[in-house]
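# Tertiary structure, described
Here are the chains, one letter per residue:
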Amino acid sequence: DVKVTQSSRYLVKRTGEKVFLECVQDMDHENMFWYRQDPGLGLRLIYFSYDVKMKEKGDIPEGYSVSREKKERFSLILESASTNQTSMYLCASSHDRGRETQYFGPGTRLLVL
Amino acid sequence: SQKIEQNSEALNIQEGKTATLTCNYTNYSPAYLQWYRQDPGRGPVFLLLIRENEKEKRKERLKVTFDTTLKQSLFHITASQPADSATYLCALTNDYKLSFGAGTTVTVRA
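Please read these numbers as outputs of a predicted model, since none were measured by experiment.

### Regarding the overall build of chain B
Along chain B, the regular secondary structure elements total zero helices and 11 strands. Along chain B, helices and strands appear, N-terminal first, in the series β-β-β-β-β-β-β-β-β-β-β. The C-alpha radius of gyration computed for chain B amounts to 13 Å, which stays within 12% of the reference 13 Å derived for 110 residues, consistent with globular compactness. The dimensions of chain B, computed from C-alpha atoms along their principal axes, are 40 × 30 × 20 Å. Relative to its full complement of 110 residues, chain B shows a buried share of 47%. Sequence-distant contacts in chain B: of pairs separated by 6 or more residues, those separated by 24 or more amount to 52%. If you sum the accessible surface of chain B, you get close to 5500 Å²; carbon and sulfur atoms cover 45% of it.

### Focus on the overall build of chain A
Each helix and strand counted, chain A has zero helices and 11 strands in total. In sequence order, the secondary structure elements of chain A are arranged as β-β-β-β-β-β-β-β-β-β-β. Against the compact-globule benchmark of 13 Å for 113 residues, chain A has a radius of gyration of 13 Å, which places it among compact chains. Viewed in the frame of its principal axes, chain A has a C-alpha envelope of about 35 × 30 × 25 Å. Residues classed as buried in chain A amount to 50% of the 113 residues present. Taking as baseline every contact in chain A between residues at least 6 positions apart, the subset at least 24 positions apart corresponds to 55%. If you sum the accessible surface of chain A, you get close to 5500 Å²; carbon and sulfur atoms cover 48% of it.

### Examining a nonpolar patch on the surface
Where nonpolar side chains cluster on the molecular surface, the patch consists of A:Val12, A:Leu111 and A:Leu113 and spans about 260 Å² of accessible area. Positionally, A:Leu113 belongs in the segment after strand S11 (108-112).

### Here we look at the sheet that holds strand S7 (residues 62-67) of chain B
Residues and elements named next belong to chain B. In spatial order, the strands read S1-S3-S8-S7-S6; together these five strands make up an open sheet with antiparallel pairing. A single partner strand is all that each edge strand has here, and the edge strands are strand S1 (3-6) and strand S6 (56-59). Ignoring strand direction, the axes of neighbouring strands in this sheet form an average angle of 15°. As paired strands, S1 and strand S3 (residues 19-26) are joined by four bridges and run antiparallel to one another. Within S3, the position partnered with Glu-5 by the bridge is Asn-24.

### Focus on the interface of chain B and chain A
Taken together, the 18 residues of chain B in the interface contact 22 residues of chain A. Carbon and sulfur atoms supply 56% of the area that chain B and chain A bury against each other, a total of about 1700 Å² over both sides. Our count for the contact surface shared by chain B and chain A stands at zero salt bridges. Residue assignment for the side of chain B that touches chain A shows that the elements contributing at least two residues are strand S4 (32-38), strand S5 (45-51), strand S9 (86-94) and strand S10 (97-100) of chain B. It is S4(B) that contributes the most residues to the side of chain B that touches chain A, four residues altogether. Considered class by class, the residues forming the side of chain B that touches chain A number 10 nonpolar, six polar and two charged.

So, how was this worked out
- Residues numbered from 1 in each chain as written.
- Chains lettered and ligands numbered in written order.
- Predicted model: local features only at pLDDT ≥ 70, side-chain atom pairs only at ≥ 80, totals over all residues.
- Heavy atoms only, no water.
- Helix = DSSP H or I, 4+ residues; strand = E, 2+ residues; numbered from the N terminus.
- Rg over C-alpha atoms; globule rule 2.2 N^0.38 Å.
- Buried < 20%, exposed > 50% of the residue type's maximum accessible area, 1.4 Å probe, protein only.
- Contact = heavy atoms within 4.5 Å.
- Areas by Shrake-Rupley, 256 points an atom, 1.4 Å probe, with all protein chains shown as cover.
- Patch = residues over 30% accessible without salt bridge, like charges linked within 9 Å, V, L, I, M, F, W, Y side chains within 5 Å.
- Salt bridge = Lys/Arg side-chain N within 4 Å of Asp/Glu carboxyl O.
- Pairing = 2+ DSSP bridges.
- Axes fitted to C-alpha atoms, helices over the stretch in contact; angles between N-to-C directions.
- Buried area = accessible area lost by both parts, 1.4 Å probe.
- Nonpolar A, V, L, I, M, F, W, Y, C, P; charged D, E, K, R; others polar.

Written out as structure tokens, the structure is:
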């Protein structure tokens, strides 16, 4: 069965802290994505990666960076967390570039105080 | 500017009735359109994909239509059940990425 896991379900951090969110998929997918989801705004793409060590900016990359050192793992980094980064963060993976389905992790609800 | 609009934020229906959700888009030319289901506190789960050259797709009690002239997709849940209560998201292929609507929350009353 397809599986995407995220390192934490809930996270509370202080303003200015460096935050790491990790995502692991066991499907040997080439493509991995990070979204944030806020009420009324839907899912917005932060960064995505089509291969190891490759990354591309999504629609809202400001304040975030990513790392993909291994095919199965895609990390989202908040260099200096701010309160407006309080959100639900969702990781996804897919085999094909946007055409096939994306498989999502359970999400990490991040609160920045 | 590009926009994906789902008809309403919330839809309340009686068990056994058909729920119809709308997804309208502007300034996109998607080759594919997908529908996902999301339960509270969970990640979205894929339901159906329809290609631009397909008019209709069915899966059990679900039916999706795709009208590229109207730039609209309709998502139907027939014989709805309380277990169908969830938020439903439409997503368009956009330059090899997916762009999502904000979702419609469906509540099915027993």
